[in-house]
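So the chains spell out like this:
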Amino acid sequence: MKKRMLFTMAAIMAAAAMALSGCSGSGKGQDGAGAPKAGGDQADQSVAGGQSEAKEGSQPAEESGQEGGDQLAQIRQRGELIVAMEGTWSPWTYHDESDQLVGYDVEVAKLIADKLGVKATFVEGEWDGLFAGLDAGRYDLVINGVEVTDERREKYDFSEPYGYIRTAIIVDGGNMEIQSFEDLNGKKTANTISSTYAELAESYGAEVTSVDDLNQTFELLNTGRIDATLNAELTFYDYINAHPEKNLKIAALTDDASLVCIPMRKGEDSKSLREAVDQAIDEIRESGELAKLSDKYFGNDISQEPKKDGVTD
């Protein structure tokens, strides 16, 4: 009897040891440190100066804290501000010759993050995807030269303005047919769909071709496949400075400047974040840092609202 009991106990212990050794060798095939996570957008990141790269271990904004909690508190607990931008729109957000992410919006985002006491993490993507990610809680802010419209105000809360820009109609240098916004009626233009520029062109009767970024827009214009494009006045000057051989001109400008602000999710949860971002913008404007960045990237100060004669306050 004793022998039979000893034999049975030995068999049980041996089976348990085999089961434990089998479990310890399978970690990489599961949803752990050695496996990719499901469901996360793996958008391209660039590391430049004080910005950080969104690595696999980084949590999306919606996962960083309890659902429905104060967004600013979650950002500070996480230690990073997740900022979405295109990365293809010079001089707002683009890659320099060494492929580093730079631009007016990049540096503004870093300064805001510093004021919040966290680091800035940049996620690049196409225009529509920026707002889809903001809606889904993957990003905290979209900082990408976003102009305020009535439609956008209905869906998002906005910071106070950190830039003022006028919209230009850009055409071939020999184009004499388009001299006003009314002349866009029946003409072909190109912009990213759902952008302010596309909406404005459509409101004047233009047929808008959808593109992914500014480079595609100018390619269509330079090859004569579209009649015009709408964009920030300063974007035109930046493009011409980089491509002086291109025969392009501004056909018309809007009378009033548009407000460039930072959109964030609407609601009480974002109230403290909006107030903190507004305070940060006020501080970097008062310190002169915003004006210096404007002059660095645009050649003049876009942080002040221009008067009718083109002079800033």
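A brief structural summary. (Residues numbered from 1 in each chain as written. Predicted model: local features only at pLDDT ≥ 70, side-chain atom pairs only at ≥ 80, totals over all residues. Heavy atoms only, no water.)

### Digging into the nonpolar core
Then comes step 1: Membership of the largest hydrophobic core comes to 66 residues, with the highest contact counts inside it found for Leu81, Tyr104, Ile112, Tyr162 and Ile169.
Then comes step 2: Counting 14 residues, the second-largest nonpolar core is a separate cluster that includes Ile82, Leu130, Leu134 and Tyr156. (Core = buried A, V, L, I, M, F, W, Y, C linked by side-chain atoms within 4.5 Å. Buried < 20%, exposed > 50% of the residue type's maximum accessible area, 1.4 Å probe, protein only.)

### Comments concerning the side chain of Glu124
Then comes step 1: Examined against the element boundaries, Glu124 turns out to sit in strand β4 (residues 119-124).
Then comes step 2: We note that Glu124 is buried and unpaired, the nearest opposite charge coming from Lys110 at a distance of 12 Å.
Then comes step 3: Within the local environment of Glu124, its side chain forms a polar contact with the side chain of His95, the two groups lying 2.8 Å apart. (Helix = DSSP H or I, 4+ residues; strand = E, 2+ residues; numbered from the N terminus. Lys, Arg positive; Asp, Glu negative; His and termini not counted. Salt bridge = Lys/Arg side-chain N within 4 Å of Asp/Glu carboxyl O. Polar contact = N/O pair within 3.5 Å; in protein donor to acceptor, adjacent residues only side chain to side chain.)

### A closer look at the sheet that holds strand β1 (residues 80-85)
Then comes step 1: Overall, parallel pairing links the three strands, which are arranged β4-β1-β5 in an open sheet. Looking along the sheet, the strands with just one partner apiece sit at the ends: β4 and β5 (141-142). (Pairing = 2+ DSSP bridges.)

### Structural notes on the pairing of strand β9 (residues 188-191)
Then comes step 1: Relative to strand β10 (residues 207-210), β9 runs parallel, the two sharing four bridges. Paired with Ala190 across the strands is Thr209, a residue of β10.
Then comes step 2: Regarding the hand of the β-α-β motif, the stretch spanning β9, helix α6 (residues 196-203) and β10 is right-handed. (Right-handed = clockwise from strand over helix to strand, strands pointing away.)

### Considering the packing of aromatic side chains
Then comes step 1: This model, assessed by the stated rule, comprises 10 aromatic pairs.
Then comes step 2: Plain terms: the ring middles of Phe181 and Tyr204 are 5.5 Å apart, the flat faces sit at 40 degrees to each other, and that makes the pair tilted. Of this pair, Phe181 sits in the loop between β8 (167-172) and β9 while Tyr204 is found in the loop between α6 and β10, placing the two residues 23 residues apart along the sequence.
Then comes step 3: With centroids separated by 5.3 Å and ring planes inclined at 65 degrees, the aromatic side chains of Phe236 and Tyr237 adopt a geometry described as edge-to-face. (Phe/Tyr/Trp six-rings, centres within 6.5 Å; stacked < 30°, edge-to-face > 60°.)

### With respect to unusual backbone geometry
Most of the time, phi is negative for any residue but glycine, and the peptide bond is trans.
Then comes step 1: With omega at 5 degrees, the peptide bond leading from Ser90 into Pro91 counts as cis.
Then comes step 2: Summarising the element assignment, Pro91 is placed in the loop between β1 and β2 (94-95).

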